[in-house]
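Understanding the architecture of this molecule
For reference, the chains in residue letters:
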Amino acid sequence: MEDILARAKKIAEEAEVFMVASEETSVQFETNRLKHIHSIQRSSVALRVIQHGKIGYATTTEPDNRQELVNMAVETARFGMPARFEFPSLTTYPSIEVFDANVGAVPIETMINLGEELIATIKSHTPDIICEAGVARADASVRIINSRGGEANYRESIFSLGVEGSLIRDTDMLFVGDSETSCQPLTESKKVAEIVLQQLEFAQNQASVPGKLLPVVFTPRGVASALITPLMIAFNGKTVLEGASPIGNRLGEPVFDPKLWLWDDPTIAYRPASRPCDDEGTPSQRTSLIEGGKVAHFLYDLQTAALAHTQSTGNGDRNGGLPSPSATAFVIAPGTTTFDEMVSDIKEGLVIEQLMGAEQGNILSGDFSGNVLLGYKVEGGKIVGRVKDTMVTGNVYQLLKEITAIGSDDQWVGSSIKTPSLYCPRLSVASRG
Amino acid sequence: MPFIEAIGQQLAEMLKKYSADYIEAHLEESQTSHIAYRGRELDSIGRATATGGNIRAMVKGAWGFVSFNDLNELANKVELAVKQAQLAGREQSQLAPVTPVVDAVLTETDRNPVAIPLAKKKQLLDEYNDVIWQTPKLQTSIAGYGDSYKKVIFLNSSGSYIEQDRMDIALRLAAVATEGNEVQQAVMSLGSRGDFTEVQGLHHQVEKMAQRSVELLSAPQVKGKEYTVVLDPVLAGVFAHEAFGHLSESDFVYENDRLREVMTLGKQFGGKLLNIIDDPTMPRLRGSYKYDDEGVPAKKTYLIREGKLVGRLHSRETAAKMGEKPTGNARAINYRFPPIVRMSNTYIEPDSASFEDIISDIKEGVYARNWYGGTTSMEMFTFSAGEAYMIRNGKIAELLRPVVLTGNVFTTLMNIDAIGNDLEMNQGGGCGKGGQVPLPVSNGSPHIRIRHCLVGGK
């Protein structure tokens, strides 16, 4: 890496080398049976240069291709955008625990047992179900060095466990599932199994909802599948800078329900989205986004922050390309109402556990429209069964402006969202009935 | 770049030494370049090279898979893949027999799009961006161009050794218009199998796209209910791919008895007029290839013929387990993934109706064009149109906000009651499955009419 930096510095004014190497081992179950064991080794080097004030960029998986990498980066710098930032010089990073050596030591046999136990629990509840499950462990190292003397290193371990079950009766298909991830080994499958069993219980009967405005409870998984993506885009500093964010010029204004608090948090110990610094070497921080319904801040990387005359929030992410602002983990503060209290408050309404296709609408405006892949009808304060052929249409901003109650049941959905259930007074429902 | 050819020869010898029911290897070297604009500002420009490979071994019905960037110590990697398969294997291996093939399918490298000077690619995007920005009320735009050249060597323990290369170009443009609190966007997505001229000269289409984003600001939202819906070739192609195509991928079906019943060959899925085909042998489309990633020769497969289910897409394993012939549809997006059953070029065969025939007797309906995207969950599908109009009294009427169509595949296929004569193949976007996205595919159709289709709205 040092050699790449040295070669780049001969041609360009500034340079930064980013290297990531990872190894992942996973066991995968198909149709309730162990089917695949995978191990994936990856390594890549990315070089960002600033030449005549412009940014150039190239990557390779070949550590020996040093000069070619430098040449490619310099070639692109001719056309690159003007750099408005400086690479961070040597700094201290917050100590955030994201590595546990025990993850790498988990034997494959233990991973197989974990998957088998999970499938057995679900099958003992519903014998006809067909499960696909996976258990994986990974170890990744990141190193960043730049021409201003900046240097960052960290190692992260990830353990994950997930299952998707499908139950088919004639042409009726029911899909259930959940997953859990951590930087520490997961030793039991109970948490995931409980959620799946709950889904199967609620979905035992079928029910239909009328096509009209209905009160809706989004479960944590429902919130994640329907409402979070538009917010991640709207709070992205780049969207704001372009003027395309509907909340971009509303800093400090009450845009959401006063009960709503949201932040981006890469500093929580042993969470896979956590890290001591972002992919540019900016220290990680917790960034408040919604404070009591008011827009508090947006997410930035170095370049976007410089263009917007603000500071990077440590959200520079490389998704295989140049760093760009990106959410790490969105956390919505829990409320005090239990899920059961929300349901028992509804005369006629809907619980949404999984919405399909929500992200295909006009994400920028917050409009969404999706098929309720897994959702339940509520009648007289009770869940009476699963709904089918039901589509909901709404707008995230209208929906989050007036929230009846926020759940006390906050939990992680995947690695990048932690949310409670949200109870909204009305949502437009269309159905075959 | 290291010579993957030399490594391939070494590996061919090595694979013979291990005791597994089957072993295969993929070696790959690739070059890519990309340019992206957000608004008037260049957002990203970059180049990349990658080299990697994988070993896949089957023992007693289970697979071990090892992928790597580091091409050293390959024997250890073969050993690990075999060991993993042994650990997981508890049944009997089944793979449909395929005659070993030794072949090299290489295009002239002077067509490599990555080798075209960056200046020329940037100039093209600059021109399109200028066209977009001539539109008033425009808030921002997105313009992205990406290309790739890759060479893949496939070899297996039965003696197959196939070298193939492929080139790909993808172009995506979006215009975002705002007025007050309203934000609307229009998008355009296309691609080619490495032919740069196919993404040139689209200035007029780009202009129309930008204008549409502005027109959408004042367009009404459709009332959510059932309509007679007419799909344009692009959206109907997405429908064929999403709603039906994924169901004919046998890896969903082969070990799932219930689903096998649903997908019994010979079952009536649609009217006599309906024919759906997957065909990787069509020339020069993004989903075209000569051999799949298991070394199986590509072939044209009828999925639905005259409304009846007559075929499905297979890997060697799914074909063996279902007692059918392999179709050459096992594809991997790159060396980091094992091949899985995928579509190639999927389309609805044209019938005889003209566009006027199709809309003339619709009193109130929706004409949906273009696509934002689509997903499917077996029987349920959702797909969204980038452009939509009301149909009133047999005529195209007012522009609508983008619509989302949803439904049950089985009922919807039955409800197709008119198919046009104007087949077009769409080269935009890419398909996602099992974390492998975007795989280059194409899909197509003539205009089609669907009765009783649920449209989401207010």
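Look above for the structure.
Residues numbered from 1 in each chain as written. Chains lettered and ligands numbered in written order. Predicted model: local features only at pLDDT ≥ 70, side-chain atom pairs only at ≥ 80, totals over all residues.

Describing the overall build of chain A
When helices and strands are tallied, chain A shows 11 helices and 21 strands. A compact globule built from 433 residues would reach a C-alpha radius of gyration of about 22 Å, and chain A, at 24 Å, matches this within 12%. On the principal axes, the C-alpha backbone points of chain A span a range of 75 × 55 × 35 Å. Split into buried and exposed, the 433 residues of chain A put 53% on the buried side. (Helix = DSSP H or I, 4+ residues; strand = E, 2+ residues; numbered from the N terminus. Rg over C-alpha atoms; globule rule 2.2 N^0.38 Å. Buried ≥ 20, exposed ≤ 12 C-beta atoms within 10 Å, placed from the backbone.)

So, the overall build of chain B
In terms of helices and strands, chain B carries 10 helices and 26 strands. For chain B, the C-alpha atoms occupy an extent of roughly 70 × 55 × 35 Å along the three principal directions. For chain B, with 458 residues in total, the buried portion stands at 56%. A separation threshold of at least 6 residues defines the contact pool for chain B, and within that pool the share at least 24 residues apart is 74%. (Contact = placed C-beta atoms within 7 Å.)

Observations regarding the interface of chain B and chain A
Listed per partner, the contact involves 63 residues of chain B and 55 residues of chain A. Here the side of chain B that touches chain A gets 11 residues from one element, more than from any other, and that element is strand β2 (residues 41–59) of chain B. Per-class residue counts for the side of chain B that touches chain A are 25 nonpolar, 26 polar and 12 charged. Sheet topology places strand β3 (residues 54–60) of chain A next to β2 of chain B; three bridges connect them, and they run parallel. The residue bridging Ala 58 of chain A from the neighbouring strand is Arg 47 of chain B, located in β2 of chain B. (Nonpolar A, V, L, I, M, F, W, Y, C, P; charged D, E, K, R; others polar. Pairing = 2+ DSSP bridges.)

Section: the sheet that holds strand β9 (residues 276–278) of chain B
All names here are of chain B. Ordered by their spatial adjacency, six strands build an open sheet running β11-β10-β9-β14-β25-β22, and the pairing between neighbours is mixed. A strand with exactly one partner marks an edge of an open sheet, and here the two such strands are β11 (308–309) and β22 (424–426). Where β22 and strand β25 (residues 442–445) come together, three bridges link them in antiparallel fashion. Bridge pairing in β25 links Met 425 to Gly 444. Across the sheet, helix α5 (residues 233–244) touches β9, β14 (345–348), β22 and β25, and the angle it forms with β25 is around 115°. (Axes fitted to C-alpha atoms, helices over the stretch in contact; angles between N-to-C directions.)

Some words on the sheet that holds strand β9 (residues 287–291) of chain A
Residue and element names in this part refer to chain A. Overall, mixed pairing links the six strands, which are arranged β10-β9-β8-β13-β20-β19 in an open sheet. Looking at which strands have only one partner, the edges of the open sheet turn out to be β10 (294–295) and β19 (411–413). Pairing between strand β8 (residues 262–264) and β9: three bridges, direction antiparallel. Looking at the pairing, Leu 262 lines up with Ile 290 of β9.

Looking at the packing of helix α1 (residues 4–15) of chain B against helix α2 (residues 74–88) of chain B
All names here are of chain B. Interhelical geometry of α1 versus α2 gives an angle of 45° and a closest axis separation of 11 Å. Looking at the two axes, α1 sits oblique to α2. Crossing of α1 over α2 shows right-handed handedness. Between α1, through Leu 11, Met 14 and Leu 15, and α2, the contact on the second element is made entirely by Leu 74, Ala 75 and Val 78. Of the residues in the contact of α1 with α2, the class split is six nonpolar, no polar and no charged. (Parallel < 35°, antiparallel > 145°, perpendicular 65-115°, else oblique. Left-handed = near helix turned anticlockwise from the far one by under 90°.)

Looking at unusual backbone geometry
Val 437 of chain B connects to Pro 438 of chain B through a cis peptide bond whose omega is -5°. If you check the backbone angles, Tyr 270 of chain A has positive phi at about 60° while not being a glycine. On the secondary structure map, Tyr 270 of chain A appears in the loop between β8 and β9. Since 18 C-beta atoms lie within 10 Å of it, Tyr 270 of chain A is described here as partly exposed. Positive phi outside glycine occurs at Arg 284 of chain B, with the angle close to 55°. Tracing the sequence through the fold places Arg 284 of chain B in the loop between β9 and β10 (301–305).

Considerations on the packing of helix α3 (residues 118–133) of chain B against helix α4 (residues 203–215) of chain B
Residues and elements named next belong to chain B. One way to put it is that α3 packs onto α4 with a least axis distance of 8 Å and a crossing angle of 35°. The interaxial crossing formed by α3 with α4 has right-handed handedness. Residues Glu 127, Tyr 128, Val 131 and Ile 132 of α3 lie in contact with α4, whose contacting residues are His 203, Val 206, Glu 207 and Ala 210. Looking at the contact of α3 with α4, its residues break down into five nonpolar, one polar and two charged.

Quick look at the pairing of strand β1 (residues 14–30) of chain A
Residues and elements named next belong to chain A. Bridge analysis of β1 against strand β2 (residues 33–51) gives 17 bridges, and the strand direction is antiparallel. Its bridge partner being in β2, Gln 28 is matched across the sheet by His 36. Connecting the antiparallel pair β1 and β2 is a turn made up of two residues, with Thr 31 showing a positive phi of about 45°. Note that β1 and strand β4 (residues 130–146) share 14 bridges and pair antiparallel. The residue bridging Thr 25 from the neighbouring strand is Arg 137, located in β4.

Notes on the pairing of strand β16 (residues 373–377) of chain B
Residue and element names in this part refer to chain B. When β16 meets strand β17 (residues 380–384), the two strands line up antiparallel, connected through five bridges. Within the sheet, the bridge partner assigned to Thr 376 lies in β17 and is Phe 381. In sequence, β16 turns back onto β17 through a hairpin of two residues, with Met 378 there showing a positive phi of about 60°.

With respect to helix α4 (residues 108–125) of chain A
All names here are of chain A. Here α4 is 18 residues long and its end C-alpha atoms lie 26 Å apart, about the 26 Å a rise of 1.5 Å per residue gives. Taken together, the buried positions of α4 are Met 111, Leu 114, Gly 115, Leu 118, Ile 119 and Ile 122. The buried residues of α4 occupy one face: seen down the axis, they fall within an arc of 120°. What points out from α4, more than 90 degrees from its buried face, is the exposed set Glu 109 and Ser 124. (Expected span 1.5 Å × (residues − 1). Arc of directions from axis to C-beta.)

Some details on the environment of Lys 238 of chain A
Along the chain, the position of Lys 238 of chain A falls in helix α8 (residues 237–241). Given 23 C-beta atoms within a 10 Å radius, Lys 238 of chain A is considered buried. Residues Lys 238 of chain A and Val 74 of chain A lie 164 residues apart in sequence; the distance between their C-alpha atoms is 25 Å. What Lys 238 of chain A contacts, discounting residues up to four positions off in sequence, is Thr 304, Ser 324 and Pro 325 of chain A together with Arg 38 of chain B.

Observations regarding the environment of Ser 43 of chain A
In this structure, Ser 43 of chain A sits in strand β2. Classification of Ser 43 of chain A by C-beta neighbours within 10 Å gives partly exposed; the count is 18. Taking the C-alpha atoms as reference, Ser 43 of chain A lies 9.5 Å from Ser 141 of chain A; in sequence the two are 98 residues apart. The residues contacting Ser 43 of chain A, other than those within four sequence positions of it, are Ala 21 and Thr 61 of chain A together with Asn 69 and Asp 70 of chain B.

Concerning α1 of chain B
Residues and elements named next belong to chain B. Taking 1.5 Å of rise per residue, the 12 residues of α1 would be expected to cover 16 Å, and the 16 Å separating its terminal C-alpha atoms lies within 8% of that figure. Taken residue by residue, α1 has Ile 4, Leu 11 and Leu 15 as its buried positions. The arc that holds every buried residue of α1, seen down its axis, measures 30°, which confines them to one face. Facing away from the buried side of α1, by more than 90 degrees, are the exposed residues Ala 6, Gln 10 and Glu 13. Buried residues along α1 sit in contact with β1 (22–38), β2, α2 and β5 (138–156).

Focus: the environment of Arg 275 of chain A
Residue and element names in this part refer to chain A. Tracing the backbone through its elements, the reader meets Arg 275 in the loop between β8 and β9. Residue Arg 275 is classed as buried on the basis of its C-beta count, with 23 C-beta atoms lying within 10 Å. If near-sequence neighbours (up to four positions away) are discounted, Arg 275 is found in contact with Ile 96, Val 98, Tyr 154, Glu 156, Pro 266 and Ser 284.

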